[in-house]
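Here are the chains, one letter per residue:
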Amino acid sequence: MKKEEAWRHFNATVVEDVTAEHIRRLHAYYIEHKDALAREWLETFGAFCLKIRSIQEKGEKSPIGFIVCSMLRTSLLSGTYTDRLQAYDSTWFLDASECEANYSAAWAFRFWEQMKHDLNVRRKAYFDAISESQVERLALQKAPLFHLYVHHLIRYAMPQLLTMEEFRPIATAEHFEIRAGEYMDISEQLYLEERQTKEPIQALKWLKKKEELAYVYEIIPAIDGSGADFAGLDFRYTVFRQADLTGSDMRFCIAMGTRFEACNLREADVRASCLYDADLRNCDLQGANLSAIHANQNTWDAEQCRYYGIEGINFTGANVAGASFAYAELAGAYFIDAIVDGADFTGANLDGALFSKEAAERLVLDESQRRSIRWV
């Protein structure tokens, strides 16, 4: 077998399976230990905040516009597995005033190290056709899949982070973000705070333009979107604040990680939308149609080699009376303290979903669904 042929065969028959195996192991570890990991992260972040405050009190740092947690490829090569925490002013990379700290991501990258080891073992079946350096480069390409769990952890710990005594006194810019990604490269927004948001009327006009990818990671103020057509829009990790979406058309939307804060979605049509990890706590969804939504917790995407629905969709405290969840994918969903009278769960996947015990008598479910629910 020639080297090029061996490399193609190795990638097609070995790499995908080995990578998936170790991502699955990391996922299981994260799910089991995320609370302890969050405490460690918050301890590191709190110490970093004290450093920022100290520098600001000396007048050596402008209001912070960006805090970034970055994966370092040099750290992967050296086996130290430390991320770089950096605080920038509103000019981001142009900020010449250095403020840095380290965070140990060894808990995630030990699975990457095991993947690399297994790939090196498997390459030996190809004799000298595949080199160790080729596997090293390949492993570095796969590293962001493992670092994604640092992103998940920061998101999970965000509610606690924002109330930390170490964090609150920091002077932040009008536009403030917390991000994670690769050092001086692509990064993902994990938190956004805008002191000057769009006016509701302007925001609604903007949404009605239905521009592709324009609304991801955005903050939508208290719009009156009742009866509006938002079908098919991408709202990944968008925050809706006190929005009136009564009777709106939100079919086929992508709303992964979307937060609906004190929103009204009465009679809204959300059929067949993708709502992995969406947060609808305390929202009004009376009579809404959420049939066939995609919101299962721990959904594996083999093509992307990653999970969606890390935390599960959350309807805690929401009013879903009369809402339809027919044939919805709701494994691991949270319905604790939700008002569920008259809600339709025909054919819905409720495996591992959490409901309050008091709701059991008011729910019309088949026996399989009742057994699959976790009553709390």
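Our structure is the block above this text.
Parameters at a glance
Residues numbered from 1 in each chain as written. Predicted model: local features only at pLDDT ≥ 70, side-chain atom pairs only at ≥ 80, totals over all residues. Heavy atoms only, no water. Helix = DSSP H or I, 4+ residues; strand = E, 2+ residues; numbered from the N terminus. Rg over C-alpha atoms; globule rule 2.2 N^0.38 Å. Buried < 20%, exposed > 50% of the residue type's maximum accessible area, 1.4 Å probe, protein only. Lys, Arg positive; Asp, Glu negative; His and termini not counted. Charge placed at Lys NZ, Arg CZ, Asp CG, Glu CD. Expected span 1.5 Å × (residues − 1). Contact = heavy atoms within 4.5 Å. Pairing = 2+ DSSP bridges. Arc of directions from axis to C-beta. Patch = residues over 30% accessible without salt bridge, like charges linked within 9 Å, V, L, I, M, F, W, Y side chains within 5 Å. Areas by Shrake-Rupley, 256 points an atom, 1.4 Å probe, with all protein chains shown as cover. Salt bridge = Lys/Arg side-chain N within 4 Å of Asp/Glu carboxyl O. Core = buried A, V, L, I, M, F, W, Y, C linked by side-chain atoms within 4.5 Å. Axes fitted to C-alpha atoms, helices over the stretch in contact; angles between N-to-C directions. Parallel < 35°, antiparallel > 145°, perpendicular 65-115°, else oblique. Left-handed = near helix turned anticlockwise from the far one by under 90°. Nonpolar A, V, L, I, M, F, W, Y, C, P; charged D, E, K, R; others polar.

A. Region of the structure containing the overall build of the protein. Each helix and strand in the protein was counted, giving six helices and 13 strands. The globule rule puts the C-alpha radius of gyration for 376 residues at 21 Å, and the 23 Å found for the protein is close to it. Projected onto its principal axes, the C-alpha coordinates of the protein cover approximately 65 × 60 × 40 Å. Classification of the 376 residues of the protein by burial places 51% in the buried group. For the protein, the distance from the average site of its 42 positive side-chain charges to the average site of its 57 negative ones is 3 Å.

B. Molecular detail of helix α3 (residues 106–123). With 18 residues, α3 ought to run about 26 Å at 1.5 Å a step, and its terminal C-alpha atoms sit 25 Å apart, in line with that. Among the residues of α3, those classed as buried are Trp 107, Ala 108, Phe 109, Phe 111, Trp 112, Met 115, Lys 116, Leu 119, Asn 120 and Arg 123. If you follow the buried residues of α3, they end up packed against α1 (3–57), β1 (64–71), α2 (73–78), β2 (82–88), β3 (100–104) and α4 (132–161).

C. Seen up close, the sheet that holds strand β6 (residues 219–220). The strand order β6-β7-β8 describes an open sheet built from three strands, whose pairing is parallel. Of all the strands in the sheet, just β6 and β8 (259–261) have a single pairing partner and so form its edges. Relative to strand β7 (residues 239–241), β6 is paired through two bridges, and the arrangement is parallel. Bridging across to β7, Ile 219 finds its partner in Val 239.

D. Spotlight on the sheet that holds strand β11 (residues 334–335). Ordered in space as β11-β12-β13, the three strands form an open sheet in which the pairing is parallel. In this open sheet, the two edge strands, each paired with only one partner strand, are β11 and β13 (374–375). As judged from the two bridges shared by strand β12 (residues 354–355) and β13, these two strands associate in the parallel manner. Within β13, the position partnered with Phe 355 by the bridge is Trp 375.

E. Seen up close, helix α5 (residues 200–208). By the burial criterion, the buried members of α5 are Ala 203, Leu 204, Trp 206 and Leu 207. Down the axis, α5 shows its buried residues gathered within 160 degrees of arc, on one side only. Within α5, the exposed residues directed more than 90 degrees away from the buried face are Ile 201, Lys 205 and Lys 208. If you follow the buried residues of α5, they end up packed against β6. The positive-phi residue at the C-terminal boundary of α5 is Lys 210, with phi of around 55 degrees.

F. Broad picture of a nonpolar patch on the surface. On the surface, Phe 93, Tyr 183 and Met 184 cluster together to form a nonpolar patch covering roughly 290 Å² of accessible area. Note that Phe 93 resides in the loop between β2 and β3. Looking at Phe 93, the relative accessible area reads 39%, which means it is partly exposed.

G. A look at the nonpolar core. Counting residues in hydrophobic clusters, the biggest one holds 63 residues, and the most contacted among them are Trp 41, Trp 107 and Trp 112. Mapped by element, the contributors of at least two residues to this core are α1, β1, β2, α3, α4, β4 (172–182) and β5 (187–194). Of all the elements, α1 adds the most residues to this core, at 18 residues. Those residues in contact with Trp 41, other than ones at most four positions away along the chain, are Cys 69, Leu 85, Tyr 103, Leu 153, Ile 154, Ala 157 and Leu 161. If you look at the next biggest cluster of nonpolar residues, it comprises 54 residues, including Tyr 215, Cys 283, Leu 330 and Ala 338.

H. Unusual backbone geometry, seen in detail. Phi at Tyr 81 takes a positive value of approximately 55 degrees, unusual for a residue other than glycine. Backbone geometry places Asp 277, a non-glycine residue, at a positive phi of 65 degrees.

I. How the structure looks around the pattern of salt bridges. Tallying each qualifying case throughout the model produces 19 salt bridges. Its salt-bridge partner being Glu 311, residue Lys 34 comes within 2.5 Å of it at the nearest N-O pair. Here the residue Lys 34 occupies a position in helix α1, and Glu 311 occupies one in the loop between β10 (306–308) and β11, the gap between them amounting to 277 residues. In this structure, Glu 136 engages Lys 116 in a salt bridge whose closest nitrogen and oxygen atoms are separated by 3.1 Å. Of this pair, Glu 136 sits in helix α4 while Lys 116 sits in helix α3; the two residues are 20 residues apart in sequence, bridging distant segments of the chain. Shared partners join several salt bridges into a network, and the residues in it are Glu 193, Arg 241, Arg 259 and Glu 261.

J. Region of the structure containing the pairing of β2. Of all seven residues in β2, five are buried; the element is thus mostly enclosed. As paired strands, β1 and β2 are joined by five bridges and run antiparallel to one another. Residue pairing in the sheet places Cys 69 in a bridge with Leu 85 of β2. With five bridges joining them, β2 and β3 adopt antiparallel strand pairing. Along β3, the bridge assignment pairs Gln 86 with Glu 100.

K. A look at the packing of α1 against α3. At their nearest, the axes of α1 and α3 sit 9 Å apart, and the two run at 160 degrees to each other. As far as their axial angle goes, α3 and α1 are roughly antiparallel. Regarding α1 and α3, the two cross each other, and that crossing is right-handed. Residues Phe 10, Thr 13, Val 14, Val 15, Val 18, Thr 19, His 22, Arg 25, Leu 26, Tyr 29, Tyr 30 and Leu 37 of α1 lie in contact with α3, whose contacting residues are Trp 107, Ala 108, Arg 110, Phe 111, Gln 114, Met 115, Asp 118, Leu 119, Arg 122 and Arg 123. Looking at the contact of α1 with α3 residue by residue, the class counts come to 13 nonpolar, four polar and five charged.

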